[in-house]
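The chain contents come next:
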Amino acid sequence: MTSVIQGQLFTILNETSRESGHYAGVDTIKTRLLPWLGTWFSHATSGRLFETGLFLNQDSTETERKLRQLATSQTLQLQDLQEELTSTRLELNHVQQDLKASRAQEEDSLRRLDHLNDCEQQIERLRDELSILDAQKSVLQSRIARSRSPSPRRIRSRSPSPLPLRSCSPGRARSTNASRHAFLVARFGDIYSKDRFDAERILRTYISDMEMVQRIIYTAAVESFHAAKMAYRQFKMRVRKTLSIGHSGPESLEDTVMDYIVRHEDLYDVQASVNEVIRSMNINPKISSTPECDFAVISSFIRELCRVAFSMQTLTPPLDVAFGMDGEFFSETKYHRSVDSDYTAALVAYHVWPALMENDVVIVKGEAVTKRGALWSHRSRSRSQNRSRSVSPLLSHLSRSRSPSPQRSGSPRH
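Please read all numbers here as calculations on a predicted model, not as lab measurements.

(A) Expanded view of the overall build of the chain. Along the backbone of the chain there are 10 helices and six strands. Across the 414 residues of the chain, 29% fall into the buried class. A separation of at least 24 residues holds for 70% of the contacts in the chain among residues at least 6 apart in sequence.

(B) A look at the packing of aromatic side chains. Taken as a whole, this structure holds seven aromatic pairs when the rule is applied. Ring centres of Phe235 and Phe310 lie 6.0 Å apart, and the angle between their planes is 70 degrees; this geometry places the pair in the edge-to-face category. Taken together, the residues Phe235 in helix α5 (residues 210-243) and Phe310 in helix α8 (residues 299-312) connect sequence positions 75 residues apart. Each member of the pair, Phe235 as well as Phe310, carries the same accessibility label: buried. Look at Phe301 and Trp353: their rings are 6.4 Å apart centre to centre, the planes differ by 50 degrees, and that puts the pair in the tilted class. Taken together, the residues Phe301 in helix α8 and Trp353 in strand β3 (residues 348-353) connect sequence positions 52 residues apart. Of the two residues, Phe301 and Trp353, both sit in the buried class. Each member of the aromatic cluster is reached from another via a ring pair, and the members are Phe188, Tyr192, Phe225, Phe301 and Trp353. One cation-aromatic arrangement involves Arg196 over Phe197; the distance from NZ or CZ to the ring centre is 4.4 Å. In this structure, Arg337 packs its charged tip against the face of Phe330, placed 4.2 Å from the ring centre.

(C) Up close: the packing of α5 against helix α6 (residues 253-263). Direction vectors running N to C along α5 and α6 enclose 120 degrees, while the axes themselves pass 10 Å from each other. Classified by the interaxial angle, the pair formed by α5 and α6 is oblique. In this structure, the crossing between α5 and α6 has a hand that is right-handed. Every residue of α6 that contacts α5 at Tyr232, Phe235, Lys236, Val239, Arg240 and Leu243 is listed here: Leu253, Glu254, Thr256, Val257, Met258, Tyr260 and Ile261. Partitioned by chemical class, the residues of the contact of α5 with α6 number nine nonpolar, one polar and three charged.

(D) A look at the sheet that holds strand β4 (residues 356-358). Here three strands make up an open sheet; going across it, the order is β1-β4-β5 and the pairing antiparallel. The open sheet is flanked by β1 (320-321) and β5 (361-364), the only strands paired with a single partner.

(E) Local environment of the pattern of salt bridges. If you walk through the whole model with that rule in mind, you get 17 salt bridges. With its nearest N and O atoms 2.0 Å apart, the salt bridge here joins Arg65 to Glu62. Of this pair, Arg65 and Glu62 both sit in helix α2 (residues 26-147), separated by three residues, roughly a single helical turn. For Arg65, a relative accessible area of 33% puts it in the partly exposed group. Of the residues examined, Glu62 reaches a relative accessible area of 32% and is grouped as partly exposed. Ionic pairing is found between Arg68 and Glu64, a salt bridge with its closest N-O pair at 3.9 Å. Pair noted here: Arg68 and Glu64 are both in helix α2, with a separation of four residues, about one helical turn. When salt bridges with common partners are traced through the structure, they connect Asp108, Arg111 and Arg112 into a single cluster.

Thresholds applied
Residues numbered from 1 in each chain as written. Predicted model: local features only at pLDDT ≥ 70, side-chain atom pairs only at ≥ 80, totals over all residues. Heavy atoms only, no water. Helix = DSSP H or I, 4+ residues; strand = E, 2+ residues; numbered from the N terminus. Buried < 20%, exposed > 50% of the residue type's maximum accessible area, 1.4 Å probe, protein only. Contact = heavy atoms within 4.5 Å. Phe/Tyr/Trp six-rings, centres within 6.5 Å; stacked < 30°, edge-to-face > 60°. Lys NZ or Arg CZ within 6 Å of the ring centre and 35° of its normal. Axes fitted to C-alpha atoms, helices over the stretch in contact; angles between N-to-C directions. Parallel < 35°, antiparallel > 145°, perpendicular 65-115°, else oblique. Left-handed = near helix turned anticlockwise from the far one by under 90°. Nonpolar A, V, L, I, M, F, W, Y, C, P; charged D, E, K, R; others polar. Pairing = 2+ DSSP bridges. Salt bridge = Lys/Arg side-chain N within 4 Å of Asp/Glu carboxyl O.

Structure follows, in structure tokens:
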């Protein structure tokens, strides 16, 4: 294209140079050069526009291609995510099905376990009924043998009536020993922290001396354990005598007796023990009450102590309260000091609550009051109580009616 332009320019310039005059060649330039240049300029401009449009078309095409590629890639990614979501849902469905299956298996196992427990309970009841039938059979055989005996006088004895033979599960006393031990120790602590104060409030309505009230409660606790132990020994002897007649089985007689006592503690005559405790308190020289007060006012407190003490005898080993004596040396391992104690004193003035022992080991500490000169005060109190108890009611009545002298109102010993 450049050679064509150069050729046209040289041709126009030659024609212009051959023309003469001051304005020679102007017409040629006007008629040939300018129109030709305009034509070429228009061609050049249109070419540039064409190139620009072509470039824009190429850019738009490239952009569309990239957009299509991006859309295609996003579509592919979306399809992959959908496939992953579908596979995840499938896995979740499988997990849910497995979970349902495991729950069904667990419920089935629980049903089987419940059925097994029911079967074991039925077997246990059957064994108990069988042992009862064996015992009844032995009792009937022994009665038949005694009825055929030639000496009928021997049949009439004053021995206690045979105990009712109820169902008993072998090994119950041994299997529940730990739980019963924990329960009874906790109950003993509750009696000390709660029931004791209720009994104190009842006694304070009759007795103003707080020391005497605390002595009465301590004596009631000690005597309750003593009465419950005696009742337990007698009850155990009766059970052993009854069960030894038809005892058979892998369990020893002692285990069978203990199992029976544990299952049938309701047969314990707790009222008899309460009466024994009150009788012992009435003759105890360490405590005295006003004529208006009867120790029966705290019978519910004594009854609960007797029940706990009786149940503690069925443990292995059994529990008991520690022996305490006025004027003994204070033991930090056995007792807490009361609030009104003299913390520098080494002797016990009197006890408030006994310590609970297991094989000479303190399980629960008791409470004691320590004071200086506790031994001498104890001796003087004992002498005054002995003097007051040695005087007969008749002499006391005469002394009040005749207004005797100080020498006549003294003790008969002087």
